[in-house]
Amino acid sequence: MQFSVRLVSGTQDPILPVTWRRFAVALCFLVLTPLVVTPVHAKEAVSPSGGLYEQALKRFESEDYRGAIIQLKNVLQANPENLPARILIGRAHLALGDALAAEKELRRAKVEGGDEELLAVPLASALLLMKRYEDILYTLPVEGRSTEVEYGLQITHGQAYLGLLQHGKAEEAFERARRLKPDTAMPYVGLARVKLVQAAFYDARDLAAKAVEIEPDNFYVWFVHGRVARRLGNLPVALSSFDKAATLGPEHTPTRIARAMGLIQMGRYEEAEKDLE
């Protein structure tokens, strides 16, 4: 999806860092690593409470993270050494944005022998939420990983470099992720943000359009597409993108705020007020 641009002189409208962290990180965490955690991937036997674990896994898969946590606590109470349950409860905490609780559970799983391939990306995502960028870069290297895990770590490394304002290294990380999995949107989203910071607006436009082409059902992709369009002064396209983002992710507050700002710029104050209620 292409859109023409009209550069707005002096416009300062970067993609909000908090938005990137809390939504893109959680999103890439949920899709990057294998969802089913079983003894095939960990060095322990499932406890007699395996039925509860399976129920918790189903809740997790249906995005009932709070319900999954309740059941996983029961599993771990019966058997604290159940590593699949320990890993899954860490991931459930992360999906809810509780990075501290997620880190605690994931690190315990690591100490107790949990599979590094299952732990690396969720742990990096938890550290990202807490802005512990150096910890990600220095304690979770990308070398020697499976393709899937390396891809996830390249994405989180790119975001960490963005947080440290090291835009060149961020671009390199997102490019490596793109080469690993060119059919996924998140590398293009990351590169679009880098190009915005570098004032390479037409490149940002093309990258955002590519992300939309790849994942048109991803609310965050449309949100970024809208912010790029708004930065370039194309308010009609920006509002259309924010509308799509709001439909796909109705609980995403930054989308409503961004749409309201665009509506205000167009003098549509009553419509903007509805987004700000």
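Bear in mind the structure is a predicted one, so any value in this text is a computation, not a measurement. Residues take numbers from 1 onward in each chain, read along the sequence in its written order. A pLDDT threshold of at least 70 governs which residues receive local features in this predicted model, and a stricter bar of 80 or more applies before side-chain atom pairs are shown or counted, although totals over entire chains, interfaces and linings include all residues. With hydrogens and water excluded, all non-hydrogen atoms of the structure serve as input to the side-chain values.

### What about the overall build of the chain?
Then, number 1: Note on conventions: DSSP H or I runs of at least 4 residues are helices, E runs of at least 2 residues are strands, and numbering of each starts at the N terminus. Per the secondary structure count, the chain includes 15 helices and zero strands.
Then, number 2: Whether a residue is buried, partly exposed or exposed follows from its accessible area with a 1.4 Å probe, protein chains only, as a fraction of its type maximum: under 20%, in between, or over 50%, in that order. Taking all 277 residues of the chain together, the buried fraction comes to 54%.
Then, number 3: Contact criterion: two residues are considered in contact whenever any of their non-hydrogen atoms come within 4.5 Å of each other. Taking the contacts inside the chain whose residues are at least 6 apart along the sequence as the reference set, 60% of them involve residues at least 24 apart.
Then, number 4: What sets the accessible areas is the Shrake-Rupley method with a 1.4 Å probe; for residues, cover comes only from the shown protein chains. About 12500 Å² of surface is accessible on the chain, with carbon and sulfur atoms providing 53% of the total.

### Looking at helix 10 (residues 186-197)
Then, number 1: Its 12 residues give helix 10 an end-to-end C-alpha distance of 17 Å, which sits within 8% of 16 Å, the value for a rise of 1.5 Å per residue.
Then, number 2: In terms of burial, helix 10 is a largely internal element, 11 of the 12 residues being buried.
Then, number 3: Every buried residue of helix 10 is accounted for by Met186, Pro187, Tyr188, Val189, Gly190, Leu191, Ala192, Arg193, Val194, Lys195 and Leu196.
Then, number 4: Directly after helix 10, the chain includes Ala199, whose backbone phi takes a positive value near 60°. A helix is expected to span 1.5 Å for every residue after the first.

### Considering helix 9 (residues 167-180)
Then, number 1: Compared with the 20 Å implied by 1.5 Å per residue over 14 residues, the 20 Å span of helix 9 between its first and last C-alpha is a close match.
Then, number 2: Every buried residue of helix 9 is listed here: His167, Ala170, Glu171, Ala173, Phe174 and Ala177. Buried residues in helix 9, looked at end-on, bunch into an arc of 165°, giving them a common side. Within this analysis, the arc is defined by the directions that extend from the helix axis to the C-beta atoms.

### With respect to a nonpolar patch on the surface
Then, number 1: Think of a patch as exposed residues, more than 30% relative accessible area, with no salt bridge, where like charges cluster within 9 Å and nonpolar side chains (Val, Leu, Ile, Met, Phe, Trp, Tyr) cluster within 5 Å. The working definition used for a salt bridge is a side-chain nitrogen of Lys or Arg within 4 Å of a carboxyl oxygen of Asp or Glu. The grouping of Ile257, Met261, Ile264, Tyr269 and Leu276 at the surface amounts to a nonpolar patch, some 470 Å² of accessible area in total.
Then, number 2: Elements that contribute at least two residues to the nonpolar patch include exactly helix 14 (253-265) and helix 15 (269-276).
Then, number 3: Ranked by residues supplied to the nonpolar patch, first place goes to helix 14 with three residues.

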